[in-house]
Amino acid sequence: MKKLTLFLAVLLICNHVLLAQKTALLINTYNRSSTSLNGQWNYIVDPYENGYYNYRYEPFDQQENPGKGAYFLNAKADGPTDLVEYNFDKSESMAVPSDWNSQSEKLFYYEGTVWYKKSFDYKKQLDDNRVFVYFGAVNYQADVYMNGKKLGTHIGGFTPFNYEVTNLLKEKDNFLVVKVDNKRKKEGVPTLNTDWWNYGGITREVKLVETGATYIADYVVQLDPSNAKLIKGFVTVNGKEASDKNVELRIPELGIHKKLKTDKEGKVSFEIKQNRIEYWSTNNPKLYDVEIEMEGDKLKDQIGFRTIRTKGSYILLNEEQVFLKGISIHEESPFREGRAYTKEDAVQLLEWAKELGCNFVRLAHYPHNEHMVRLADQMGLLVWEENPVYWTIDWENAATYENAENQLKTVISRDKNRASVIIWSMANETPNSEARNIFLKRLAKTAKQMDPTRLISAALEQSAYQDKPNVKTISDPFADVVDVLSFNQYIGWYGGTPETCKEIQWVIEQDKPVFISEFGAGAKQGLHGDKGTRWTEEYQAYLYEETLKMLSQIEQFQGCSPWILVDFRSPRRPLPEIQDGWNRKGLISEDGKKKQAFSVLQAFYNNQGLQKK
Ligand code: GCB
């Protein structure tokens, strides 16, 4: 008997592991046949995770007969004697996508488990088509169940994932249940401590994507980094009969029509010589319609072609020096409190960046929603994308590394065809140690292997040069790995006052482009006083003036992304009447009002073009 129980347990665990294997990420879901599952979802708040564990604290989803206590079964009492202690349909509902904190006052500070349920009918267009459920992002851990069966577990709050549901779907009464847990964890990525709000929930769109039995799964269509007259890439096809498939790649405006055939693995690589490409740039964000067709299955995209590389201390976009006039942005809505997720949110944030005179945005401190990078492609804004390896990560933990690498790979996979994206950032302000250096180097190697066409960076920190407090340098060993030497510095805010900037000298020895990924000061919009008084708009504006003068002394200075475009929610900022729960370093208040420093940076950026070396 004992043996049988053991066998069943092993079987269940194996089954669980198998289920947990994710389906390869579907890219470009905007242009695939899809049905939105956005809207109102019923939810149950479950701080003790009663719907997940039985009273012996064993997970229901690893039990052979979980019983009706398991929330993923979406059970209903069968009759008057039947005991079921929850009911999704009678529970409250909330909007998906969105975070829960900004939807219910009761959930504002909540960190824990919330169960979501959506019921729907679905009819496939063709019998042998396949269907996937796709999530733009769920913060932080999602356990996903469809019609009572576990699809898998996804970890990481800012990256997309999908599961195939072809064999589970019915025409009527499907139910999708997601257990969302946003508890912070020491071993998590990010970890326990961050300077931003831990918004929980299904924070980005959910949809069903329908494909043919064999379908175009992935593709890269990019310029060869060392030959701007060569378009290179691959197409992969997924399905039982993926080999020997006829694939056509068309870029009508360039007269490109390439016929290809997939190999045994369902993959085909190509190279296309092309002399008359109009390059994507910040002044001319030219995108080409690209069509990929595989025996009737068609997928479209809009792709720009450009090169990016560094040469000594310069960054060259299409072989021309570019100064990065940037701003850092958190993913918060400019129209309402909470996470940003709509196209309108992205339009407003990026229009503000444009108004500021930017040609570059740093999407901090985690991958933002896909609207941002697609719009940046259209608007001619260069993009820095960042992995949420922030502050004090659990460097020696193998699972933590795997988690960080997985998040990085996923964002690269999602955005590898976006011309706007030029930098993958590995981390932000991480403390130098042997274990951290190994961790970050491995990440950088993975990024370079996956995508040799883009630059690598990380927001590092400055330190005193040869123990002289007023002479600053970058002595981090990770500086040897990055293409762009970026660091955050807060002279005049966390150390001294804006005058201090006048006393600082920089000795930066690396022959690399230097990029200041952060500087800034807190100011309450509408609070005025003299420039020596903290929290006034005048102090912030003065700090911007002095900092920009100071940074301009750095010989290799090639751009900056000050902290930050808009005030954002943070649990670290309780000061009454000034912060009230907001980090006030924005150039714009949370209700959309510009502070004085906005014009200081705007003037600097407008002049920058004139002063170009
Ligand atoms: C930093 C962090 C950023 C913080 C900022 C601040 O260096 O990278 O996440 O929000 O400072 O306001 O202190």
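Everything numeric in this text was worked out from a predicted model, so none of it was measured.

## Points about unusual backbone geometry
Omega for the peptide link from Val189 to Pro190 comes to 5°, which places this bond in the cis form. Counting through the fold element by element, Pro190 comes out in the loop between β9 (174-181) and β10 (206-211). Ile564 follows Trp563 through a cis peptide bond whose omega is 20°. With respect to the element layout, Ile564 can be found in the loop between β31 (557-560) and β32 (568-569). Even without being glycine, Tyr57 reaches a positive phi, approximately 60°. With respect to the helices and strands, Tyr57 occurs in the loop between β2 (39-45) and β3 (93-96). A relative accessible area of 51% means that Tyr57 is categorised as exposed. Residues other than glycine seldom take positive phi values, yet Glu429 does so here, at roughly 45°. A residue is classified by how much of its surface remains accessible, and Glu429, at 15% relative accessible area, is buried.

## What about the environment of Asn583?
By the secondary structure assignment, Asn583 is in strand β33 (residues 582-583). Sequence-wise, Asn583 and Arg569 are 14 residues apart; in three dimensions their C-alpha atoms are separated by 6.1 Å. Among residues more than four places away in sequence, those in contact with Asn583 are Asp195, Trp563, Asp567, Phe568, Ser570 and Arg573. Separated by 2.9 Å, the side chains of Asn583 and Asp195 make a polar contact.

## Some points on helix α2 (residues 343-355)
Relative to the 18 Å expected for 13 residues at 1.5 Å per residue, α2 spans 18 Å between its end C-alpha atoms, a close match to the ideal helical length. Inspection of α2 places Asp345, Ala346, Gln348, Leu349, Leu350, Trp352 and Ala353 among the buried residues, and these make up the whole buried set. The distance from a side-chain oxygen at the start of α2 to the backbone nitrogen of Glu344 is 3.4 Å, and the residue carrying that oxygen is Thr342. Following α2 by one or two positions, Gly357 adopts a phi angle in the positive range, close to 95°.

## Points about empty space enclosed by the protein
The full count for this structure, using the stated rule, is three cavities of 30 Å³ or more. Its volume calculated, the largest cavity comes out at about 140 Å³. Looking at the largest cavity, it is lined by 14 residues, and the ones nearest its centre are Asn139, Tyr140, Arg184, Pro190 and Asn198. A per-class count over the lining of the largest cavity returns five nonpolar, five polar and four charged. If you go around the second largest cavity, the residues you meet are Ile329, His330, Glu332, Ser333, Pro334, Leu349, Ile564, Val566, Asp567 and Phe568. Looking at the lining of the second largest cavity residue by residue, the classes come out as six nonpolar, two polar and two charged.

## Remarks on the pairing of strand β13 (residues 246-251)
Bridging between β13 and strand β14 (residues 256-261) involves six bridges; their strand directions are antiparallel. What sits directly across from Leu249, in β14, is Lys258. Connecting β13 to the antiparallel partner β14 that follows it, the hairpin turn spans four residues, and Gly255 within it adopts a positive phi of roughly 65°.

## What about the site of the ligand?
Neighbouring the ligand are 14 residues; Asp195, Tyr390, Glu429, Tyr494 and Lys585 lie closest to it. In the environment of the ligand, an oxygen atom lies 2.6 Å from a nitrogen or oxygen atom belonging to the side chain of Lys585. Within the complex, the protein chains bury 96% of what would otherwise be the 310 Å² of accessible surface of the ligand.

## A word on the sheet that holds strand β5 (residues 130-135)
The four strands are arranged β1-β10-β5-β8 in an open sheet whose pairing can be described as antiparallel. One side of each edge strand has no neighbouring strand; the edge strands of this open sheet are β1 (34-36) and β8 (161-164). Strand-to-strand, the axes of this sheet are offset by a mean angle of 25°, without reference to chain direction. For β5 and β10, the ladder comprises six bridges, and the chain directions are antiparallel. Its bridge partner lying in β10, Val133 is registered against Leu208.

## Some points on the environment of Ala364
Structurally, Ala364 can be placed in the loop between β22 (360-363) and α3 (370-379). With relative accessibility at 0%, the residue Ala364 sits in the buried group. Residues Ala364 and His330, spaced 34 residues apart in sequence, show a C-alpha to C-alpha distance of 5.5 Å. When neighbours within four sequence positions are excluded, Ala364 is seen to be in contact with Ile329, His330, Glu331, Glu386 and Trp563.

## Overview of the domain arrangement of the protein chain
We note that the domain assignment places domain 1 (20-211), domain 2 (226-306) and domain 3 (309-611) within the protein chain. Using only C-alpha atoms to locate each centre, domain 1 and domain 2 end up separated by 35 Å. On the domain 1 side of the interface with domain 2, the three residues burying the most area are Asn28, Asn31 and Arg130, jointly 76% of the side's total. The interface formed by domain 1 and domain 2 includes zero salt bridges. The tally of links between domain 1 and domain 2 comes to two residue pairs in polar contact (both at pLDDT 80 or more).

## Topic: the confidence of the model for the protein chain
For the protein chain, the average pLDDT comes to 95, and 96% of its residues sit at 70 or higher. Element-level mean pLDDT values for the protein chain span from 43 in helix α1 (residues 2-20) up to 99 in strand β23 (residues 382-386). When the criterion is pLDDT under 50, residues 1-21 qualifies, and its contacts beyond four places in sequence or with other chains add up to 13 contacts.

## Some words on the layout of surface pockets
If you add up the space inside the largest pocket, you get close to 640 Å³. Taken together, 31 residues line the largest pocket, and the ones lying closest to its centre are Asp218, Phe234, Ser413, Lys416 and Met450. Residue assignment for the lining of the largest pocket shows that the elements contributing at least two residues are β8, β11 (215-224), β12 (227-238), β15 (267-273) and α4 (398-415). No other element matches the six residues that β11 contributes to the lining of the largest pocket. For the lining of the largest pocket, the residue count by class is 13 nonpolar, nine polar and nine charged.

## Thoughts on the environment of Pro388
Relative to the assigned elements, Pro388 resides in the loop between β23 and α4. Residue Pro388 is classed as buried on the basis of its relative accessible area of 0%. Once the C-alpha coordinates of Pro388 and Gln407 are considered, the two residues, 19 residues apart in sequence, prove to be 8.3 Å apart. Pro388 has contacts with Val189, Pro190, His365, Tyr366, Pro367, Ile393 and Gln407, leaving out every residue within four places of it along the chain.

Thresholds, definitions, all that
- Residues numbered from 1 in each chain as written.
- Predicted model: local features only at pLDDT ≥ 70, side-chain atom pairs only at ≥ 80, totals over all residues.
- Heavy atoms only, no water.
- Helix = DSSP H or I, 4+ residues; strand = E, 2+ residues; numbered from the N terminus.
- Buried < 20%, exposed > 50% of the residue type's maximum accessible area, 1.4 Å probe, protein only.
- Contact = heavy atoms within 4.5 Å.
- Polar contact = N/O pair within 3.5 Å; in protein donor to acceptor, adjacent residues only side chain to side chain.
- Expected span 1.5 Å × (residues − 1).
- 1 Å grid on protein atoms, 1.4 Å probe; cavity = no way out; pocket = protein on both sides within 12 Å on 5 of 7 lines; lining within 4 Å.
- Points joined across faces, edges and corners; volume = space filled by probe spheres on them.
- Nonpolar A, V, L, I, M, F, W, Y, C, P; charged D, E, K, R; others polar.
- Pairing = 2+ DSSP bridges.
- Near = heavy atom within 4 Å.
- Areas by Shrake-Rupley, 256 points an atom, 1.4 Å probe, with all protein chains shown as cover.
- Axes fitted to C-alpha atoms, helices over the stretch in contact; angles between N-to-C directions.
- Domains from an automatic or database assignment.
- Buried area = accessible area lost by both parts, 1.4 Å probe.
- Salt bridge = Lys/Arg side-chain N within 4 Å of Asp/Glu carboxyl O.
- pLDDT = per-residue confidence, 0-100.

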